[in-house]
Amino acid sequence: MEQSFHMLLYRAFHAQRNYLRPYLSEIGLGAGQPKLLNYLAVHGPCMQQQLADYFEIDAAAVSRMVTSLQKGGFIVQRTDENSRRRNYIELTEAGRQANEMWQVHCREIQDIMLQGFTRQEQEQFAEHLRRVYQNVRNWREEHPWEI
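Residues numbered from 1 in each chain as written. Predicted model: local features only at pLDDT ≥ 70, side-chain atom pairs only at ≥ 80, totals over all residues. Heavy atoms only, no water.

Draft legend 1. Looking closely at the pattern of salt bridges. Scanning the model with the defined rule gives 6 salt bridges in all. With a shortest N-O distance of 3.2 Å, Arg-130 and Glu-127 are connected by a salt bridge. With a gap of 3 residues between them, Arg-130 and Glu-127 both fall in helix H6 (residues 119-142), about one helical turn apart. Residue Arg-130 is classed as partly exposed on the basis of its relative accessible area of 48%. In this structure, the salt-bridge partner of Glu-141 is Arg-137, at a minimum N-O distance of 3.4 Å. With Glu-141 and Arg-137 both in helix H6 and 4 residues apart, the pair spans about one turn of that helix. Glu-141 gets classed as exposed once you look at its relative accessible area, which sits at 54%. Residues participating in the shared-partner salt-bridge network are Glu-56, Arg-137, Arg-140 and Glu-141. (Salt bridge = Lys/Arg side-chain N within 4 Å of Asp/Glu carboxyl O. Helix = DSSP H or I, 4+ residues; strand = E, 2+ residues; numbered from the N terminus. Buried < 20%, exposed > 50% of the residue type's maximum accessible area, 1.4 Å probe, protein only.)

Here it is, written out as structure tokens:
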């Protein structure tokens, strides 16, 4: 059995993605879009750049997802009253419902993945994943020339 952390993380992520993928089309979403809806549901209206920064993805990719989500009726863009050059993205009722449906499936796979883990083990696991993420972020900030 593969023991490298890289491969273990990849396999866990891949198994989760394979579980969730069929629900994308059922809900009417494309790859990568549910995370944007969830961000908006949790944080409220924001600008596209905030999404790109938070998810550490290319602004052009966010723009494509936003366009598609807008065409699907899941989000709307509103012009900032103080600056007409700034647009805020916010969820529509259809976007809220799609996010709620997606979150049901996310909780299902989370329950499957964490079956047999105690509450304390789940909390420790989450903390370890946060630390792994922060370690990578710190390294990237300290070594920008190596990326």
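Following the structure, the description resumes.
Draft legend 2. Structural view of a nonpolar patch on the surface. A surface patch of nonpolar side chains, about 490 Å² in accessible area, is lined by Leu-9, Phe-117, Phe-125, Leu-129, Val-132 and Val-136. By residue number, the principal contributor to the nonpolar patch is H6, which donates 4 residues. Inspection of the secondary structure puts Leu-9 in helix H1 (residues 5-27). (Patch = residues over 30% accessible without salt bridge, like charges linked within 9 Å, V, L, I, M, F, W, Y side chains within 5 Å. Areas by Shrake-Rupley, 256 points an atom, 1.4 Å probe, with all protein chains shown as cover.)

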